[in-house]
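Analysis of the macromolecular model
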Amino acid sequence: MKNKLSPFTLFQPAKLKVLLSLGFKGYLAEKGWFDAYRTKSAISEDGDPIAWVTYSFIDFIKERINKQHSVFEFGSGNSTLFYAKLSKEVYSVEHDKSWFEKNAELEAANVNMIHCDLAENGDYCRSAKDTGKKFELIVVDGRDRLNCCEQAISSLTEDGVVVLDDSERNKYAAAFEFFKRHGFKHLPFTGMAPGVIVSKCTSIFYKPNNCLDI
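The model shown is predicted, which means the values in this text are computed figures rather than measured ones. (Residues numbered from 1 in each chain as written. Predicted model: local features only at pLDDT ≥ 70, side-chain atom pairs only at ≥ 80, totals over all residues. Heavy atoms only, no water.)

1. Quick notes on the overall build of the protein chain
Broken down by element type, the protein chain carries 10 helices and seven strands. Per-residue burial for the protein chain yields a buried fraction of 45% across its 214 residues. By element, 53% of the accessible surface of the protein chain is carried by carbon and sulfur atoms, the whole surface being about 12,000 Å². (Helix = DSSP H or I, 4+ residues; strand = E, 2+ residues; numbered from the N terminus. Buried < 20%, exposed > 50% of the residue type's maximum accessible area, 1.4 Å probe, protein only. Areas by Shrake-Rupley, 256 points an atom, 1.4 Å probe, with all protein chains shown as cover.)

Spelled out as structure tokens, the structure:
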């Protein structure tokens, strides 16, 4: 008969010491994960706003976006300020009226907030197209994500890319097939995200000669 580990066995003094040390040193401490968890907000190790995506994606994208790039995002928040700091301009659509009003007060001259009521396959998923602009980066991190992905490609520049957060979820599997049919390749970024205790994935869908030099 095999011995089963009890909860008390798992928390041996040596193991408990390691767990406690994670708040002071190591990857999670370096990334500011504990402050993000405590405040329930997406912030960096310096307390600056960041996107609520995987740390591996943040490390990648902050070195690739520049002031020549226009960004559209489905879903607003700290990510809006994060992308605004790195890019030329950000258009962000939000369906929640109270959240929209809060984010409309963001102190960033290059942020354009859009309020749009949510209806499946309605105006919300077409809000990037309604701007009449083309974007190098479209971030899908709001509602109605499958329809947002499908509508996004008509608003991309020739070298534009689409980012889908939480792409590990089975309900977004159709997005992978959609992008593949339209000639996009897939680059996943898996791992931890600010204040989140489970593994996540943030995906980039891109074509050759893209704006991120992938």
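The structure having been displayed, the exposition proceeds.
2. Let's talk about the sheet that holds strand β5 (residues 156-165)
Taken in spatial order, the seven strands make up an open sheet running β3-β2-β1-β4-β5-β7-β6, and their pairing is mixed. Where the open sheet ends on each side, the last strands, each with one partner, are β3 (111-115) and β6 (185-191). Neighbour-to-neighbour, the strand axes of the sheet open up by a mean angle of 15°, direction not taken into account. Taken together, the four bridges between strand β1 (residues 70-74) and strand β4 (residues 135-140) define a ladder with parallel strand orientation. Bridged to Phe-72 within β4 is Ile-138. Contacts from helix α9 (residues 145-152) reach β1, β4 and β5, with the element oriented near 170° to β5. (Pairing = 2+ DSSP bridges. Axes fitted to C-alpha atoms, helices over the stretch in contact; angles between N-to-C directions. Contact = heavy atoms within 4.5 Å.)

3. With respect to the packing of aromatic side chains
Within this structure, the stated rule accounts for 14 aromatic pairs. With a centroid separation of 5.8 Å and an interplanar angle of 75°, the aromatic rings of Phe-57 and Phe-189 are classed as edge-to-face. Within this pair, whereas Phe-57 is found in helix α5 (residues 55-61), its partner Phe-189 is found in strand β6, the two being separated by 132 residues in sequence. Of the two residues examined, Phe-57 and Phe-189, each falls in the buried class. Residues Phe-176 and Phe-205 carry aromatic rings whose centres are separated by 5.4 Å and whose planes lie at 80° to one another, so their mutual orientation is edge-to-face. Pair noted here: Phe-176 is in helix α10 (residues 173-181) and Phe-205 is in strand β7 (residues 200-206), with a separation of 29 residues, a long-range link. Note on Phe-205: relative accessible area 1%, which makes it buried. Here the aromatic cluster, defined as three or more aromatic residues joined through ring pairs, consists of Phe-72, Phe-74, Tyr-91, Tyr-124 and Phe-135. (Phe/Tyr/Trp six-rings, centres within 6.5 Å; stacked < 30°, edge-to-face > 60°.)

4. Details of the layout of surface pockets
Of the voids in this model, the largest pocket is the one considered here, and its volume is about 530 Å³. When its residues are assigned to classes, the lining of the largest pocket shows six nonpolar, eight polar and seven charged. Empty space within the second largest pocket amounts to approximately 310 Å³. What lines the second largest pocket is a set of 15 residues, among which Ser-44, Asp-48, Ile-50, Lys-62 and Phe-82 lie closest to the centre. Those elements that provide at least two residues to the lining of the second largest pocket are α5 and α6 (78-86). Here the lining of the second largest pocket is composed, by residue class, of seven nonpolar, one polar and seven charged. (1 Å grid on protein atoms, 1.4 Å probe; cavity = no way out; pocket = protein on both sides within 12 Å on 5 of 7 lines; lining within 4 Å. Points joined across faces, edges and corners; volume = space filled by probe spheres on them. Nonpolar A, V, L, I, M, F, W, Y, C, P; charged D, E, K, R; others polar.)

5. Concerning the pairing of β4
The buried count for β4 comes to six of six residues, which makes it a mostly enclosed element. Of the pairings in the sheet, the one linking β4 to β5 comprises five bridges and is parallel in character. When the bridges of β5 are listed, Ile-138 appears paired with Val-162. Note that the unit made of β4, α9 and β5 has a crossover that is right-handed. (Right-handed = clockwise from strand over helix to strand, strands pointing away.)

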